[in-house]
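Below, each chain spelled out in residue letters.
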Amino acid sequence: MSGFLVLQIINYISLGVFVCLFICRTISIARLPSSLRWELYPIPGRNGEGREGKGDSNRFGRLMQELLYMAKEILLFLTYFKRRKSYWYFVYPLHISLYLYILWTFFMFAGALALVKGFNITPESPECAVVFLFYATCYVGGLSFLMMVLSTAGLTILRLVDKDLKLYTTPVIYFNLLFALAISSTGFVNWLWFDKAFTVYREYLKNLITFKPVSDLHPLMVINLLLTSLFIIYVPCSRMMHFVTKYFLYHKILWATDHLPKDSRQNRELSLLLHKTISWAAPHISTGKTWEEVASENRLFSQGGSTGEKGNKNR
């Protein structure tokens, strides 16, 4: 068995493992215990108010506000920009490079299918769609690799020199950045020096689709494909699954304003959690009591006056 055939088998296995792990991880996240409501968090469409605000009379308007908020966060990363610009200068291009990489993969797949159908992906093709595919693949792929190289290298350096970021940077975060840097740098060098039109990549993908072996590849391309396969397997096992967890964080916790029916499954789960005994203590939490007792005390305390003083003394 040739080394190239082994590489192709690894590519198939990595895709299968990714799909299985991604589904299992998503299901496990969805089945995590219910989170307590976060009343102070502002909800889009409520002018900064939490879920104790004006109610849900205008659901369509609130949905539009939520979609607008998500679009600004996904496309512009405004929260990072407002809170820490020095970090935004690197984390924003990193995510844009990932979007471009996904788009490049789509163009590569479309190009490989076009090859299977007998089209030649060249700028001299009489088909406008094929010419567009040729140039789009070249520029989107090259720009994606370049932005990923610069942003991952920049983020790694920033986390090493910024004392605040360094304090919260674990070895796993450095590993993730260096892993992405290795993939993007091998891909960028391969594009810049050996395969600017991604012709070899496209032909390789066509062979994967048609289950045909390849006879020759540049060593740098082999390294890039091997690292990419390992990265595909690694993603569902890492904190990079945050693009999935963010859905649950916003839509199932922070922005979940619907009242729970009394006999709903989530309401029963929350009732069980409220009756659990607290095993730790803090200035605002009493150990040995249930969550329901503590929540009742804090609620009375927040109302002020004699009732609040009573709640404070009980703690």
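Residues numbered from 1 in each chain as written. Predicted model: local features only at pLDDT ≥ 70, side-chain atom pairs only at ≥ 80, totals over all residues. Heavy atoms only, no water.

**Q** Explanation requested: the side chain of Asn-11 in the structure shown.
**A** Counting through the fold element by element, Asn-11 comes out in helix α1 (residues 3-30). Accessibility expressed as a relative area gives 7% for Asn-11, which makes it buried. A polar contact is formed between the side chain of Asn-11 and the side chain of Tyr-204, at a distance of 2.4 Å. Setting aside its immediate chain neighbours within four residues, Asn-11 contacts Tyr-204, Leu-208, Leu-225 and Ser-229. (Helix = DSSP H or I, 4+ residues; strand = E, 2+ residues; numbered from the N terminus. Buried < 20%, exposed > 50% of the residue type's maximum accessible area, 1.4 Å probe, protein only. Polar contact = N/O pair within 3.5 Å; in protein donor to acceptor, adjacent residues only side chain to side chain. Contact = heavy atoms within 4.5 Å.)

**Q** Sorry, what's going on with the packing of helix α4 (residues 85-116) against helix α5 (residues 128-161) here?
**A** Remark: α4 packs on α5, axes separated minimally by 7 Å, with the N-to-C direction vectors making an angle of 150°. Classified by the interaxial angle, the pair formed by α4 and α5 is roughly antiparallel. Two packed elements cross with a definite hand, and for α4 against α5 that hand is left-handed. Per-class residue counts for the contact of α4 with α5 are 25 nonpolar, nine polar and one charged. (Axes fitted to C-alpha atoms, helices over the stretch in contact; angles between N-to-C directions. Parallel < 35°, antiparallel > 145°, perpendicular 65-115°, else oblique. Left-handed = near helix turned anticlockwise from the far one by under 90°. Nonpolar A, V, L, I, M, F, W, Y, C, P; charged D, E, K, R; others polar.)

**Q** When you look at the packing of aromatic side chains in this model, what are you seeing that I'm missing?
**A** Aromatic ring pairs are reported here in terms of the distance separating the ring centres and the angle at which the planes meet. Counting across every chain of the model gives 27 aromatic pairs. When the ring of Phe-77 is compared with that of Tyr-80, the centres are 5.8 Å apart and the planes differ by 25°; the resulting orientation is stacked. Plain terms: the ring middles of Phe-179 and Tyr-234 are 5.9 Å apart, the flat faces sit at 40° to each other, and that makes the pair tilted. Of the two residues, Phe-179 is situated in helix α7 (residues 171-193) and Tyr-234 in helix α9 (residues 219-234); the sequence distance between them amounts to 55 residues. Here Phe-179 and Tyr-234 have matching classes, each one buried. Among the aromatic residues, those joined into a cluster by ring pairs are Phe-77, Tyr-80, Phe-81, Tyr-87, Trp-88, Tyr-89 and Tyr-92. The ring of Phe-81 carries Lys-85 above its face, with NZ or CZ at 4.7 Å from the centroid. (Phe/Tyr/Trp six-rings, centres within 6.5 Å; stacked < 30°, edge-to-face > 60°. Lys NZ or Arg CZ within 6 Å of the ring centre and 35° of its normal.)

**Q** In this structure, what is going on with a nonpolar patch on the surface? I would like to understand it.
**A** Residues Ile-74, Leu-75, Leu-76, Leu-98 and Tyr-99 make up a contiguous nonpolar surface patch of about 410 Å² in total accessible area. Contributing elements (two or more residues each) for the nonpolar patch: α2 (59-76) and α4. Ranked by residue count, the leading element in the nonpolar patch is α2, at three residues. Tracing the chain through its elements places Ile-74 in helix α2. (Patch = residues over 30% accessible without salt bridge, like charges linked within 9 Å, V, L, I, M, F, W, Y side chains within 5 Å. Areas by Shrake-Rupley, 256 points an atom, 1.4 Å probe, with all protein chains shown as cover. Salt bridge = Lys/Arg side-chain N within 4 Å of Asp/Glu carboxyl O.)

**Q** Explain the environment of Lys-196 to me, please; I cannot follow it from the model alone.
**A** Along the chain, Lys-196 falls in the loop between α7 and α8 (199-209). Considered as a pair, Lys-196 and Gly-142 are 54 residues apart in the sequence and their alpha carbons are 7.9 Å apart. Beyond its immediate sequence surroundings of up to four residues, Lys-196 is in contact with Cys-138 and Trp-191.

**Q** Whenever I open this one, the side chain of Ser-151 confuses me. Can you help?
**A** With respect to the helices and strands, Ser-151 occurs in helix α5. A polar side-chain atom of Ser-151 sits 2.7 Å from the main-chain carbonyl oxygen of Met-147. Of note is the side chain of Ser-151, whose polar atom sits 3.3 Å from the backbone oxygen of Met-148. Sequence-distant contacts of Ser-151, that is, excluding residues within four places in its chain, are made with Phe-90, Pro-93, Leu-94 and Ser-97.

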